[in-house]
Amino acid sequence: MSERLQPGDVAPAFTLPDADGNEVSLADHKGRKVIVYFYPAALTPGCTKQACDFTDNLDLLTGAGYDVIGISPDRPEKLAKFREKESLKVTLLADPDKTVTETYGAYGEKKNYGKTYMGVIRSTVIVDEEGKVERALYNVRATGHVAKIIKDLGI
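Everything quoted here is computed from the prediction, not taken from an experiment.

1. Points about the side chain of T55
Alright, step 1. With respect to the helices and strands, T55 occurs in helix 1 (residues 45–56).
Alright, step 2. Leave out the neighbours within four places in its chain, and T55 touches S87, L88, K89 and V90.

2. Observations regarding the sheet that holds strand 3 (residues 33–38)
In any sheet, the strands associate via hydrogen bonds between backbone groups, in a parallel or an antiparallel arrangement.
Alright, step 1. The strand order 5-4-3-8-9 describes an open sheet built from 5 strands, whose pairing is mixed. The two strands at the open ends of the sheet, each matched to only one other strand, are strand 5 (91–94) and strand 9 (133–138). Across the sheet, the axes of successive neighbouring strands diverge by a mean angle of 20 degrees, strand direction being ignored.
Alright, step 2. In this sheet, strand 5 lies alongside strand 4 (residues 66–72) in parallel orientation, the contact comprising 4 bridges. Directly across from I71, in strand 5, lies its bridge partner L93.
Alright, step 3. Of the strands in this sheet, strand 3, strand 4 and strand 8 (123–127) are in contact with helix 1, which crosses strand 3 at around 165 degrees.

3. Considering the pattern of salt bridges
Oppositely charged side chains can pair when the atoms bearing their charge come close.
Alright, step 1. By the definition in use, this model includes 8 salt bridges.
Alright, step 2. For the salt bridge of K33 with E134, the shortest nitrogen-to-oxygen distance reads 3.1 Å. Here K33, found in strand 3, pairs with E134, found in strand 9; they are 101 residues apart in sequence, far enough to count as distant.
Alright, step 3. Here E86 and K85 are joined by a salt bridge, their closest N and O atoms 3.3 Å apart.
Alright, step 4. Overall, the relative accessible area of 22% leaves E86 in the partly exposed class.
Alright, step 5. Through salt bridges with shared partners, one network takes in D20, R83 and E84.

4. Some details on the pairing of strand 8
Alright, step 1. Taken across its 5 residues, strand 8 has 5 buried, putting it largely inside the fold.
Alright, step 2. Burial along strand 8 is two-sided: the face carrying S123, V125 and V127 and the face carrying T124 and I126 are both buried.
Alright, step 3. Note that strand 3 and strand 8 share 5 bridges and pair antiparallel. Directly across from F38, in strand 8, lies its bridge partner S123.
Alright, step 4. Sheet topology note: the strand 8/strand 9 ladder contains 5 bridges and is antiparallel.

5. Some remarks on the packing of aromatic side chains
Alright, step 1. What the rule picks out here adds up to 5 aromatic pairs.
Alright, step 2. A ring pair is formed by Y37 and F54, whose centres lie 4.4 Å apart and whose planes are at 25 degrees; its orientation type is stacked. Here the residue Y37 occupies a position in strand 3, and F54 occupies one in helix 1, the gap between them amounting to 17 residues. F54 carries the same exposure label as Y37, and that label is buried.
Alright, step 3. Geometrically, the ring pair formed by Y39 and F82 is tilted, given 6.1 Å between the ring centres and 45 degrees between the ring planes.

Conventions and cut-offs
- Residues numbered from 1 in each chain as written.
- Predicted model: local features only at pLDDT ≥ 70, side-chain atom pairs only at ≥ 80, totals over all residues.
- Heavy atoms only, no water.
- Helix = DSSP H or I, 4+ residues; strand = E, 2+ residues; numbered from the N terminus.
- Contact = heavy atoms within 4.5 Å.
- Pairing = 2+ DSSP bridges.
- Axes fitted to C-alpha atoms, helices over the stretch in contact; angles between N-to-C directions.
- Salt bridge = Lys/Arg side-chain N within 4 Å of Asp/Glu carboxyl O.
- Buried < 20%, exposed > 50% of the residue type's maximum accessible area, 1.4 Å probe, protein only.
- Phe/Tyr/Trp six-rings, centres within 6.5 Å; stacked < 30°, edge-to-face > 60°.

Everything listed here is a matter of coordinates, which is why it stays silent on function.
Now the structure itself:
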């Protein structure tokens, strides 16, 4: 079970391939705030709802100085399908070996229908312009989460 990040921690650096196979690093966003969200799987109902909510609010978030990056264990090809099918505008990154997901504390024990298993914990980490964790939210709900972030950030 990975350690959860706390406000004030330095956000772990990462470089992952996007839906087109291009490398994207957290460092590419230095000087901007970044909302990094972790989701279990592309093309599933909850993850689709969350990605669409981020896309629908992307202009508002970028206008307030926030970039949005979604990370899942999916391969870039699946992320490209997800992006096309749902007309997503957020940056989607592939973390098939879950290294970044674990580093951010977004991988661990989950319970579903009485079964316990290891998986991606739906999480959102907000990184400030200096690369420090501003907020770290774990076990978030797919529905209503984006609206809550916008409200909490005062956007």
